[in-house]
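Coordinate inspection notes
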Amino acid sequence: MMNKFKLAWGGALLAIAGVAHADPFFIDVGTAFGAPGGGRVCATCTSMKDQFTLRYDSRTVITDVGTQNNGITAGDTTLTSGGLAVGGWDTNVITSLIPKQVFGNNSDNGYGVDWLLSFSFSNLAGVVTGNLGAAPLITYGPTTISMFLTFDGNTSIRFMDIAISGGQSDGLGTVLSGKADFTNVDPLIAAQYGNLFHSSTYSCNGSSGFYDIWKNCGDQTAISVVTHFDTDITETNITANGNGTYTIASNHDGSVTFAVPEPASLALVGLSLVGLAGIRRRKNAA
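Let us look at the structure shown here.

The rules we used
Residues numbered from 1 in each chain as written. Predicted model: local features only at pLDDT ≥ 70, side-chain atom pairs only at ≥ 80, totals over all residues. Heavy atoms only, no water. Core = buried A, V, L, I, M, F, W, Y, C linked by side-chain atoms within 4.5 Å. Buried < 20%, exposed > 50% of the residue type's maximum accessible area, 1.4 Å probe, protein only. Contact = heavy atoms within 4.5 Å. Salt bridge = Lys/Arg side-chain N within 4 Å of Asp/Glu carboxyl O. Helix = DSSP H or I, 4+ residues; strand = E, 2+ residues; numbered from the N terminus. Phe/Tyr/Trp six-rings, centres within 6.5 Å; stacked < 30°, edge-to-face > 60°. Pairing = 2+ DSSP bridges. Disulfide = S-S within 2.5 Å.

1. A closer look at the nonpolar core
- F52, L117, F159 and F197 are the most contacted members of the largest nonpolar core, which has 46 residues in total.
- Residues in contact with F197, not counting those within four places in the same chain, are F25, F26, I27, F52, L117, F159, S208, G209, F210 and F258.

Have a look at this one:
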């Protein structure tokens with residue numbers, strides 16, 4: 001049986017202690033694509049950006065652990081995958097860098113044409129703690145979200161991970177606490193692409209690259225990843241599989257910002273890249 005329900009998701013979901021704002025960043029892809037200028041930080045860099053928007057798919061299997069098949073209730077377990085673990089680069093991609101490049105200003109340095117970014121996660125385990133209307137409330141355990149770079153749409157380069165310690169879905173959105181991590185990234189790839197992202201406000205031993213900050217400064221300068229969503233309504237498909245499990249398939253839009261908090265105000269922050277409802281992309285002025 002196929003059921004559809006609509007979930008309303010709130011904007012600016014994350015209330016984060018110790019992080020008052022998101023920090024601007026720029027991306028150094030290592031190649032100068034197109035004409036120079038447009039506010040580029042360097043010849044092979046983008047201009048300074050505040051956030052990026054994204055689009056991705058997710059799939060969640062909920063297992064009814066009760067003695068009766070009485071729907072999705074407290075105590076049921078969940079397992080979620082998303083991004084490239086569910087689909088390809090055509091539907092799971094960072095859609096734009098903000099501020100957008102317009103008439104040569106706010107340079108993207110070829111993003112969207114010469115290179116793309118995406119992400120993937122799987123085996124995000126959770127437990128249903130209750131319901132808010134039709135939406136299940138879920139508490140999550142640890143997992144890893146991997147970031148990918150491609151120059152051809154086929155070869156995916158895993159250049160950075162987000163180490164998730166846990167989180168929850170409150171019926172309005174999903175908040176996962178985590179930080180940038182390179183522990184399981186190939187050292188050769190990390191050396192070449194780990195500094196793809198750079199902080200505009202923080203540097204460690206002379207480098208603003210995320211990999212160098214992580215490698216040389218450790219947990220004291222953890223790089224936080226924060227996602228904001230606008231309020232909207234969309235559809236999510238729930239399939240009752242007839243064996244005590246339910247499959248939830250969703251598509252999502254959102255926007256992501258970075259922050260590199262000072263050690264005194266450090267806090268694990270949310271990475272809202274997963275959830276059980278689709279989210280309309282944040283509408284930003286070009």
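2. A few points about the pattern of salt bridges
- Taken as a whole, this structure holds three salt bridges when the rule is applied.
- In this structure, K49 engages D108 in a salt bridge whose closest nitrogen and oxygen atoms are separated by 2.7 Å. On the criterion of sequence distance, the pair formed by K49 in the loop between β2 (25–27) and β3 (51–63) and D108 in the loop between β5 (93–98) and β6 (116–132) is long-range, its members being 59 residues apart. Each of the two residues, K49 as well as D108, counts as buried.
- Notably, a salt bridge pairs R55 with D57, separated by 2.3 Å at the nearest N-O pair.
- Assessed through its relative accessible area of 15%, D57 is described here as buried.

3. Remarks on the packing of aromatic side chains
- Scanning all chains against the criterion turns up 11 aromatic pairs.
- Their ring planes at 45° and their centres at 6.3 Å tell us that F52 and F197 sit as a pair that is tilted. Residue F52 is located in strand β3, and its partner F197 is located in strand β11 (residues 197–199); the two are separated by 145 residues in the primary sequence. Per residue, the accessibility class of F52 equals that of F197, and both read buried.
- Ring geometry for F182 and Y211: centres 5.1 Å apart, planes at 70°, overall edge-to-face. A residue pair is termed long-range when its members are at least 10 positions apart, and F182 in the loop between β10 (174–181) and α1 (187–193) and Y211 in helix α2 (residues 210–217) qualify at 29 residues. Just as F182 is buried, Y211 falls in that class too.
- The rings of F25, F52, F159, F197 and F210 are connected pair by pair, giving a single aromatic cluster.

4. Concerning α2
- Within the span of α2, buried status applies to F210, Y211, D212, I213 and C217.
- As for α2, its buried residues are in contact with β9 (157–169), α1, β11 and β14 (245–259).
- Looking one or two places after α2, you find G218, whose phi comes out positive at around 65°.

5. Thoughts on the pairing of β9
- Of the strand pairs in this sheet, strand β7 (residues 135–140) and β9 are connected by three bridges, and their pairing is antiparallel. Across the sheet, the residue bridging to Y140 is G167, located in β9.
- Sheet topology note: the strand β8 (residues 143–150)/β9 ladder contains seven bridges and is antiparallel. Bridging across to β9, I145 finds its partner in I162.
- The turn joining β8 and β9, which pair antiparallel and follow one another in sequence, is formed by six residues; a positive phi near 80° is taken by G153.

6. Some details on the state of the cysteines
- Taken as a whole and judged by the stated rule, the model has two disulfides.
- Each sulfur in the disulfide pair C42 and C45 lies 1.9 Å from the other. Sign of the S-S torsion, about 75° for the bond between C42 and C45, identifies this disulfide as right-handed.
- What makes C42 partly exposed here is its relative accessible area of 28%.
- Between the sulfur atoms of C204 and its disulfide mate C217 the distance is 1.7 Å. Residues C204 and C217 are joined by a disulfide whose S-S torsion is about 105°; by sign, that bridge is right-handed. In this pair, C204 is assigned in the loop between β11 and α2 and C217 in helix α2, connecting sequence segments 13 residues apart.
- Residue C204 is classed as buried on the basis of its relative accessible area, which comes to 4%.
- Cysteine pairing for the protein, with bonded cysteines counted in sequence order: 1-2, 3-4.

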